[in-house]
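Here's the letter readout for the chains.
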Amino acid sequence: MRIEWINPEALRPAEGGLSRRSFLKAGAVVSGGLILGFFMPGSNKFARAADAPKPVYAPNAFLRIAPDNTVTVMVNRLEFGQGVHTSLPMLIAEELDCDWSQMRGELAPAGDVFKDPAFGMQMTGGSGTIAHSFVQYREIGAKARAMLVSAAAEQWKVAPAQCKTAKGFVMGPAGQKASYGALADAAMKQPMPATVTLKEAKDFAIIGKPTRRIDARAKSSGKQVFGIDFMPPNTKVALVARPPVFGAKVAKFDAAPAKAIKGVIDVLEVQTDRGGRGVVVIADGYWPAKQGRDALVIDWDASGVEKVSSAKQMADFAALAKTPGAVALKADTSKLAAAPKKISAVYEFPYLAHAPMEPLNCVVDLKADSCTVWAGTQFQTADHAAVARTAGLAPEQVTVNTMMAGGGFGRRAVPTSDYIVEAVHVAKAYRAAGKSGPVKVIWSREDDIKGGYYRPSHVHRADIGLDAKGKILAWDHVIVGQSIIAGTPFEAFMIKNGVDQTMVEGMGAPYDVPLNLTAHTAKANVPVLWWRSVGSTHTAFVMETLIDEAAHVAGMDPVAYRKTLIDPKHVRHLAALDLAVAKSGYNKKRLPKGRAYGVAMHESFGSVVAYVVEASVTKGVPKLHKVTAGVHCNLAVNPLSIAAQVEGAALMALGTTLQGAAITLKDGVVEQQNFGDYTVARMTDMPQVDVFIVPSGDAPTGMGEPGVPPLAPAFANALFKLTGKRLRKLPFDLQTA
């Protein structure tokens, strides 16, 4: 891996700040120290969309300075590999003037105070952590620093302006020096400054510097406790036998064989997701619970629920794509019929499982008057409300603790809170059976892959007319797929004119093309959800392979052709593309025999990633050798995390091209169940990845997902040069293309 990052000295100051920010002092911890919290009485667009009452934000801790001079930052997100456990403390450390060795991170529980400033709910998603909290966390650090300086100045009988800070210490004009830890209690008595002046980018000592992760040592040594490791005293383990067809019920079951397994405590019928019913086996540990579940004899009732079969669904989608849908973008298509040159294409995309390394899990300790949950959740606010609702408790009686998670890619952010709600139902059934104590519901790998939720399947139909020189005259495009937004709290502002905006995102821009875009929302008895980079997982592939095909029809170099289409206002796209091209040696470096270049770029979540890849084909099997990335994410807070995100995203996207990377259904039952029949990319598939970041001082944009979309089309474009075949489906199949 190779990475280049920005020089903080060259950065411009970040613009603006978040208004309507107030800070509250919240009493010192038992060991003493300074605690800062904040509340934001501003807008909550999710609450407004649901016509909910204005939320009340209570004080809560964001920052703790201990007597030993360590600084613990409450991370208001889920850390599941993306690096927020480090990047958010970096923001506070910068403005607080701390030495990086002082910094610690702690995942915050569910709480109003920890809501995302932009989304109005506590969540991790949309690649929004740094983009939304860049000013927020810096302000917390700056206000804490001001209070520490005031405390020191008061003790030394000097003006605060005469004091300086560095590496966790306050220095006075006469050589006085005190650590933050020593000043923390006194700082709590200081008034909270109404406003602070944040550092200019030229003065950054931590932001913009490649910084090793706080949690790296614990994770690499095996000491890190993830959700799946967490077992409070007296916890019992539960495995649920879920219906093979989504929403099916239990007709009858025989619990005797399961109860005969040593260690099995009880076997109970429980409610599952989507109105279904299942059977839970509760035991002293995972193995007896699994053995007990394997021994169950269950007759399922799938009457009254749709039984999807993938082949028929794709055929139905393709037929529907021949007709126009609801309008997303309107353009004149009158020149299409008489265009001298034409491109007609139908694309197919399968369901995809999230398949994180750590399967789902949730610990629930349900009592008569309280419920405590431990889970690696991306949706703390929604899950907290769902727990209270399911348990029949008031919100203040519920605690949801955020656990470190081993991946998620969207699966831990479910509007229905499916796996959390199910775990509470298990705990309720356990209590109803006269038992007490924590219950931990664990999903096996098979449960995770067969049990949804999935990236929706889609069909695209495109008809493009070009003039004799390859200029695009008209482009008619139809997309068919399920909506991931319908029926969720996001529906009110993310479905417009009947079009789920996530289904069409990434279509058109940055290219100045006459795109007429419509969409059909299909319904199917398959639970669907966002998947890393959401709609861009399919729209980028279609756009970037079709633009490449148009370049071929025009007889132009793919990079040069793209530049003729890019609206000049999209300077970030051009910068990312130029950087990737320059660093890759595209069309200047002679490639080994049998290799070819492929190019693609895409913007998602405010960031642009351009890829130039090198690929080959041996005996019909494609191989990706090298990826050069040009990234424009504005200010790069931690270049190491950005590089890691691009590397991981490239590998994950590569996995979608490999044979077997598809979820298929037959008679309503998912056919795949583990990594033996559901392909994910492995270490042996990993290409060389070089990451280059465009220097910028503008406010950061998201980087958790943007590395995914352009990889597969860049790979496909390289394979066309090698084989002359245009790939219209994922995963790739050169034999049938």
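Here the structure is a predicted model, which means the values were calculated and not measured.

Undergrad: For this particular structure, what's the right way to read the overall build of the chain?
TA: Each helix and strand in the chain was counted, giving 18 helices and 33 strands. Each of the three principal axes of the chain carries a C-alpha extent, and together these read 85 × 70 × 50 Å. Counting all 737 residues of the chain, 59% fall into the buried class. By sequence separation, contacts in the chain at least 24 residues apart represent 77% of the contacts at least 6 residues apart. About 28,400 Å² of surface is accessible on the chain, with carbon and sulfur atoms providing 54% of the total. Charge-centre separation for the chain: the mean point of 82 positive side chains lies 3 Å from the mean point of 66 negative side chains.

Undergrad: What's the story with the pattern of salt bridges in this structure? I'm lost.
TA: Inspection of every chain in the model, using the stated rule, returns 33 salt bridges. Linking Asp266 and Lys435 is a salt bridge whose minimum nitrogen-to-oxygen distance equals 3.2 Å. Placement of the pair is Asp266 in strand 12 (residues 264-271) and Lys435 in the loop between helix 10 (418-432) and strand 21 (439-442), with a sequence separation of 169 residues. Judged by its relative accessible area of 9%, Asp266 is buried. Look at Lys435 and you get partly exposed, because its relative accessible area is 25%. The shortest N-O distance in the salt bridge between Glu269 and Arg277 comes to 3.3 Å. Under the relative-accessibility criterion, Arg277 is labelled partly exposed at 28%. Through salt bridges with shared partners, a single ionic network connects Glu94, Asp97, Arg145 and Lys199.

Undergrad: Got a minute to help me understand the packing of helix 14 (residues 536-554) against helix 18 (residues 711-723) in this structure?
TA: When two helices pack together, their arrangement is given by the angle between their axes and by how far apart the axes lie. Across the interface, helix 14 lies against helix 18 with an axial gap of 8 Å and an inter-helix angle of 30°. By the angle between their directions, the pair helix 14 and helix 18 is classed as roughly parallel. The way helix 14 lies across helix 18 gives a crossing that is right-handed. On the side of helix 14, the interface is formed by Ala540, Phe541, Glu544, Thr545, Asp548 and His552, while helix 18 contributes Ala712, Pro713, Ala716, Asn717 and Phe720.

Undergrad: Looking at this model, I keep getting lost on empty space enclosed by the protein. Mind explaining?
TA: In this approach a probe as big as a water molecule rolls over the atoms, and the regions it shows empty are the leftover space. Across all of its chains, the model carries five cavities of 30 Å³ or more by this definition. Lining the largest cavity are 14 residues, and of these Thr537, Thr656, Val708, Ala712 and Leu730 lie nearest its centre. Every element with two or more residues in the lining of the largest cavity is listed here: helix 14 and helix 18. A breakdown of the residues in the lining of the largest cavity according to their chemical character gives eleven nonpolar, two polar and one charged. The space that makes up the second largest cavity amounts to roughly 70 Å³. Forming the boundary of the second largest cavity are 15 residues, of which Pro456, His458, Ile484, Thr502 and Gly535 lie nearest the centre. Of all elements in the fold, only helix 13 (501-504) and helix 14 reach the threshold of two or more residues within the lining of the second largest cavity. Here the lining of the second largest cavity is built from residues that sort into seven nonpolar, six polar and two charged.

Undergrad: What should I look at first to understand the sheet that holds strand 13 (residues 277-283) in this one?
TA: By definition, the strands of a sheet pair up through backbone hydrogen bonds, in either a parallel or an antiparallel sense. Ordered in space as 12-13-10-21-18-19-20, the seven strands form an open sheet in which the pairing is mixed. The sheet is open, and its two borders are formed by strand 12 and strand 20 (398-402), each paired with just one other strand. On average, adjacent strands in this sheet sit at an angle of 25° to one another, irrespective of strand direction. Sheet strands in contact with helix 7 (residues 286-295) are strand 10 (236-241), strand 12, strand 13 and strand 21, and its direction is about 25° off that of strand 10. Packed on one face of the sheet, helix 9 (residues 380-391) meets strand 18 (361-366), strand 19 (371-375) and strand 20 and runs near 145° to strand 20.

Undergrad: Could you clarify how one ought to interpret the packing of helix 2 (residues 84-96) against helix 3 (residues 129-156) in this entry?
TA: Where helix 2 contacts helix 3, the two axes come as close as 7 Å, and the packing angle between them is 40°. Classified by the angle between their axes, helix 2 and helix 3 sit oblique to one another. For the element pair helix 2 and helix 3, the recorded crossing hand is right-handed. Contacts between helix 2 and helix 3 pair Val84, Ser87, Leu88, Leu91, Ile92, Glu95 and Leu96 from the former with Thr129, Ile130, Ser133, Phe134, Tyr137, Arg138, Ile140, Gly141, Ala142, Ala144, Arg145 and Leu148 from the latter. Residue composition of the contact of helix 2 with helix 3, grouped by class: twelve nonpolar, four polar and three charged.

Undergrad: Is there a simple way to think about the nonpolar core in this case?
TA: What tends to happen in soluble globular proteins is that the nonpolar side chains get buried as a cluster. By size, the foremost hydrophobic cluster in this structure holds 108 residues, and its most contacted members are Trp475, Tyr611 and Val631. The element contributing the most residues to this core is helix 17 (residues 639-655), with nine residues. With residues up to four places along the chain from it excluded, the contact list for Val631 reads Val608, Val609, Ile642, Val646, Val691, Phe692, Ile693, Val694 and Met703. Counting residues in hydrophobic clusters, the runner-up holds 49 residues, among them Leu63, Phe114, Val135 and Ala153.

Undergrad: Honestly, the sheet that holds strand 24 (residues 472-482) in this entry has me stumped. Any pointers?
TA: Spatial strand order, 15-27-24-23-16: five strands in an open sheet with mixed pairing. Edge positions in the sheet fall to strand 15 (326-329) and strand 16 (341-349), since each has one partner strand and no second. Taken over all neighbouring pairs, the strand axes of this sheet differ in orientation by 15° on average, direction set aside. Pairing of strand 16 with strand 23 (residues 458-466), which is carried by nine bridges, proceeds in the antiparallel orientation. Paired with Ser344 across the bridge in strand 23 is Asp463.

Undergrad: Can you help me understand the environment of Val441 in this one?
TA: By the element assignment, Val441 lies in strand 21. Given a relative accessible area of 1%, Val441 falls into the buried group.

Undergrad: Honestly, the packing of aromatic side chains in this entry has me stumped. Any pointers?
TA: How two aromatic rings sit relative to each other is set out by the distance from centre to centre and by the angle between their planes. With the rule as written, the count across this model stands at 15 aromatic pairs. Taking 6.1 Å as the distance between ring centres and 85° as the angle between the ring planes, the aromatic pair formed by Tyr347 and Phe541 counts as edge-to-face. Within this pair, whereas Tyr347 is found in strand 16, its partner Phe541 is found in helix 14, the two being separated by 194 residues in sequence. There is no split in this pair, since Tyr347 and Phe541 are both buried. Linked through ring pairs, Tyr347, Phe349, Phe541, Phe715 and Phe732 together constitute an aromatic cluster. Against the face of Phe169 rests Lys177, its NZ or CZ located 4.6 Å from the ring centre. For the cation-ring pair, Arg411 lies above Trp443, with the distance from its terminal atom to the ring centre recorded as 5.6 Å.

Quick notes on the rules
- Residues numbered from 1 in each chain as written.
- Predicted model: local features only at pLDDT ≥ 70, side-chain atom pairs only at ≥ 80, totals over all residues.
- Heavy atoms only, no water.
- Helix = DSSP H or I, 4+ residues; strand = E, 2+ residues; numbered from the N terminus.
- Buried < 20%, exposed > 50% of the residue type's maximum accessible area, 1.4 Å probe, protein only.
- Contact = heavy atoms within 4.5 Å.
- Areas by Shrake-Rupley, 256 points an atom, 1.4 Å probe, with all protein chains shown as cover.
- Lys, Arg positive; Asp, Glu negative; His and termini not counted.
- Charge placed at Lys NZ, Arg CZ, Asp CG, Glu CD.
- Salt bridge = Lys/Arg side-chain N within 4 Å of Asp/Glu carboxyl O.
- Axes fitted to C-alpha atoms, helices over the stretch in contact; angles between N-to-C directions.
- Parallel < 35°, antiparallel > 145°, perpendicular 65-115°, else oblique.
- Left-handed = near helix turned anticlockwise from the far one by under 90°.
- 1 Å grid on protein atoms, 1.4 Å probe; cavity = no way out; pocket = protein on both sides within 12 Å on 5 of 7 lines; lining within 4 Å.
- Points joined across faces, edges and corners; volume = space filled by probe spheres on them.
- Nonpolar A, V, L, I, M, F, W, Y, C, P; charged D, E, K, R; others polar.
- Pairing = 2+ DSSP bridges.
- Core = buried A, V, L, I, M, F, W, Y, C linked by side-chain atoms within 4.5 Å.
- Phe/Tyr/Trp six-rings, centres within 6.5 Å; stacked < 30°, edge-to-face > 60°.
- Lys NZ or Arg CZ within 6 Å of the ring centre and 35° of its normal.

By themselves, these figures tell us nothing about what the structure is for.
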